[in-house]
Amino acid sequence: MEAAKRFLLVLFLVSLLSISTATTTRKFRARKPCKRMVFYFHDIIYNGKNAKNATAAIVGAPAWGNRTILSGQNHFGDLVVFDDPITLDNNLHSTPVGRAQGFYIYDKKDIFTAWLGFSFVFNSTQHKGSINFAGADPLMNKTRDISVIGGTGDFFMARGVATLMTDAFEGEVYFRLRTDIKLYECW
Amino acid sequence: MEAAKRFLLVLFLVSLLSISTATTTRKFRARKPCKRMVFYFHDIIYNGKNAKNATAAIVGAPAWGNRTILSGQNHFGDLVVFDDPITLDNNLHSTPVGRAQGFYIYDKKDIFTAWLGFSFVFNSTQHKGSINFAGADPLMNKTRDISVIGGTGDFFMARGVATLMTDAFEGEVYFRLRTDIKLYECW
Amino acid sequence: MEAAKRFLLVLFLVSLLSISTATTTRKFRARKPCKRMVFYFHDIIYNGKNAKNATAAIVGAPAWGNRTILSGQNHFGDLVVFDDPITLDNNLHSTPVGRAQGFYIYDKKDIFTAWLGFSFVFNSTQHKGSINFAGADPLMNKTRDISVIGGTGDFFMARGVATLMTDAFEGEVYFRLRTDIKLYECW
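The paragraphs below set out a description of the structure included in this document. Source: prediction; values computed, not measured. (Residues numbered from 1 in each chain as written. Chains lettered and ligands numbered in written order. Predicted model: local features only at pLDDT ≥ 70, side-chain atom pairs only at ≥ 80, totals over all residues. Heavy atoms only, no water.)

Per the secondary structure count, chain A includes two helices and nine strands. Overall, chain A shows an N-to-C arrangement of helices and strands of α-α-β-β-β-β-β-β-β-β-β. Across the 187 residues of chain A, 58% fall into the buried class. Residue pairs in contact within chain A that sit at least 24 positions apart in sequence constitute 46% of those at least 6 positions apart. (Helix = DSSP H or I, 4+ residues; strand = E, 2+ residues; numbered from the N terminus. Buried < 20%, exposed > 50% of the residue type's maximum accessible area, 1.4 Å probe, protein only. Contact = heavy atoms within 4.5 Å.)

So, in structure tokens, the structure goes:
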């Protein structure tokens, strides 16, 4: 009977464990990414002279601005559409592994800030599918977080956070963003 | 005692089962939609002559474009706002069951591609609420997936994937998209 | 033996309970917010005369509109960028606790309706981080729901629904939105 009692005790503890596992599922998923990837993307804004190389263009501007030159007041009101190459390192001339496609809008008069809606689109042997992003980008901060709001293909139903860092900025024509993608929901 | 032992064994297996169920909850939800719906929506772009019928209009364009005619270079930079009827079949003249509202931006110079942000808005006896979408639409592909990023009302907290298919395309004025919505998170 | 049998029965029931808990995790999370917050934000649209006070500006407009005056036909096609103060009460002059940043597009000709993409950005002792929103805003309805599609910082991975209510509307220059945020996924 001693053995049986000990066995019962073990069983009981196991049951308790299974209950606590069930009710705290979400906490177990938090804070440790199930997938992490770092990419760079490169944005060359059309400025009237670089039509061949440009990967982005101003398509909306405030009443006091135009669509060739970024407006004053920290570009407030400029809406930029982009189709930027994504690379694995910080070299603009590396073979792209995908395209960053979408838009940003400068949305503040007294400092550089933008709102982003875009996707990473992959169609290579390594990755097929897309990751969708949205969020505020206070681009004077060294790093800033936006949301991964969904994904398709290899990134089916993904959710997470992406940490952006401006890796280079040349005049008002070129910038490069380091994107550290941390997915916390992977299917 | 034999019976008791057998019973203990069963109990133990049941406990194990409950543990594995708890820790793999997310996998059980994956890959099989909890809700699936197919809709069509119809986009008639304003071209300067069809103000009465148009359901969409260009509101942003690159420096080299205008807001009446879609620009060259695969419409790169054109931002289009729409309020399109949703129907259950592919007939533009069927009674709409809702409205597709939002925008798309053509974002690539060398091929047709767009970025979409929009909602399906329902207010009928059949459906009340909205489904929100975002994602890249490489519209030359036969089918392409975007994300369902949220929902309200009947579609409270929905997440999933929507497969778009261009069902018709007439010149640069009319297109019809078949939208196969697969929700993988239903509350 | 009687005691042992009773104990076995209890164990069995506990096991059953743990199984049902595991398989219905999602239902337990539904319908009761894990976090609820009410904020107000204040939008002052640039109209050619209020450059100093304006917090928003038209940056896209249909072919028949311009970027200083909201267009006819219920502003259909006007794209507005904003950086609005967020307050805890409905007083424009209260100390802001954050900024609402993003855009809306009026998307319907025969009634006021807009599509919203924006963030609440907080950087105070009380809240640090951002909440990202997207959805349709049929602004003639007393209340309307949009989606919380993600969050960062204190609002890491948040999802939910935000109920908007127009709290004030003065001419075509100022409006104030009450935003009742209900998060149903908190990490």
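What follows concerns the state of the cysteines. All names here are of chain A. In this structure the tally under the stated criterion is three disulfides over all chains. One disulfide bridge connects Cys-34 with Cys-186, the sulfur atoms lying 2.0 Å from each other. Sign of the S-S torsion, about 85° for the bond between Cys-34 and Cys-186, identifies this disulfide as right-handed. Residue Cys-34 is located in the loop between helix 2 (25-29) and strand 1 (35-44), and its partner Cys-186 is located in the segment after strand 9 (174-185); the two are separated by 152 residues in the primary sequence. (Disulfide = S-S within 2.5 Å.)

A word on the packing of aromatic side chains. The final tally for this structure, using the stated rule, is 72 aromatic pairs over all chains. Both rings, one in Phe-41 of chain A and one in Phe-82 of chain A, keep their centres 6.0 Å apart while their planes meet at 15°; by these two values the pair is stacked. Taken together, the positions of Phe-41 of chain A in strand 1 and Phe-82 of chain A in strand 3 (residues 79-87) put the pair 41 residues apart, joining distant regions of the chain. We classify Phe-41 of chain A as buried; its relative accessible area is 2%. Taken together, a centroid distance of 5.6 Å and an interplanar angle of 90° make the contact between Tyr-104 of chain C and Tyr-106 of chain C edge-to-face. Taken as a pair, Tyr-104 of chain C and Tyr-106 of chain C share a single burial class, namely buried. (Phe/Tyr/Trp six-rings, centres within 6.5 Å; stacked < 30°, edge-to-face > 60°.)

This part is about the pattern of salt bridges. Applying the stated criterion to the full structure yields 24 salt bridges over all chains. Close ionic contact of Arg-176 of chain A with Asp-167 of chain A constitutes a salt bridge, the shortest N to O distance being 2.7 Å. Classification of Arg-176 of chain A as buried rests on a relative accessible area of 12%. Overall, Asp-167 of chain A belongs to the partly exposed group, its relative accessible area being 25%. One salt-bridge network, held together by shared partners, links Arg-159 and Glu-185 of chain A, Arg-159 and Glu-185 of chain B together with Arg-159 and Glu-185 of chain C. (Salt bridge = Lys/Arg side-chain N within 4 Å of Asp/Glu carboxyl O.)

Below, the discussion takes up the nonpolar core. Membership of the largest hydrophobic core comes to 39 residues, with the highest contact counts inside it found for Leu-79 and Phe-103 of chain A, Leu-79 and Phe-103 of chain B together with Leu-79 and Phe-103 of chain C. Residues contacting Phe-103 of chain B, with those up to four places away along its chain left out, are Phe-103 of chain A, Leu-79, Val-80, Val-81, Phe-82, Trp-115, Leu-116, Gly-117 and Phe-118 of chain B together with Phe-103, Ile-105 and Trp-115 of chain C. Grouped together as the second largest cluster of nonpolar side chains are 32 residues, Tyr-106, Ile-146, Ala-158 and Leu-177 of chain A included. (Core = buried A, V, L, I, M, F, W, Y, C linked by side-chain atoms within 4.5 Å.)

By secondary structure assignment, the location of Ile-105 of chain C is in strand 4 (residues 98-106). C-alpha of Ile-105 of chain C to C-alpha of Ile-58 of chain C: the two residues are 47 residues apart in sequence and 9.4 Å apart in space. With residues up to four places along the chain from it excluded, the contact list for Ile-105 of chain C reads Val-81 and Phe-103 of chain B together with Asp-78, Leu-79, Thr-113, Ala-114 and Trp-115 of chain C.

Right, let's talk about unusual backbone geometry for a bit. For Asn-74 of chain A, which is not a glycine, the phi torsion comes out positive at approximately 55°. Here Asn-74 of chain A is to be found in the loop between strand 2 (56-60) and strand 3. Unlike most non-glycine residues, His-75 of chain C shows phi in positive territory, near 65°. In this structure His-75 of chain C comes out as buried when scored by relative accessible area, which is 4%.

Looking now at the pairing of strand 9 (residues 174-185) of chain B. Residue and element names in this part refer to chain B. For strand 9, the buried fraction is high: eleven of the twelve residues fall into the buried class. Summarising the sheet, strand 8 (residues 159-170) and strand 9 pair through eleven bridges and their orientation is antiparallel. Bridge pairing links Val-161 to Lys-182 in strand 9. In this structure, the hairpin formed by strand 8 and strand 9 is closed by a connection of three residues, where Gly-171 is found at a positive phi of approximately 55°. (Pairing = 2+ DSSP bridges.)

So, about the side chain of His-42 of chain B. All names here are of chain B. With respect to the element layout, His-42 can be found in strand 1 (residues 35-44). Judged by relative accessible area, His-42 falls into the buried class, the value being 0%. Of the polar contacts made by the side chain of His-42, one reaches the side chain of Thr-87; its length is 2.8 Å. (Polar contact = N/O pair within 3.5 Å; in protein donor to acceptor, adjacent residues only side chain to side chain.)

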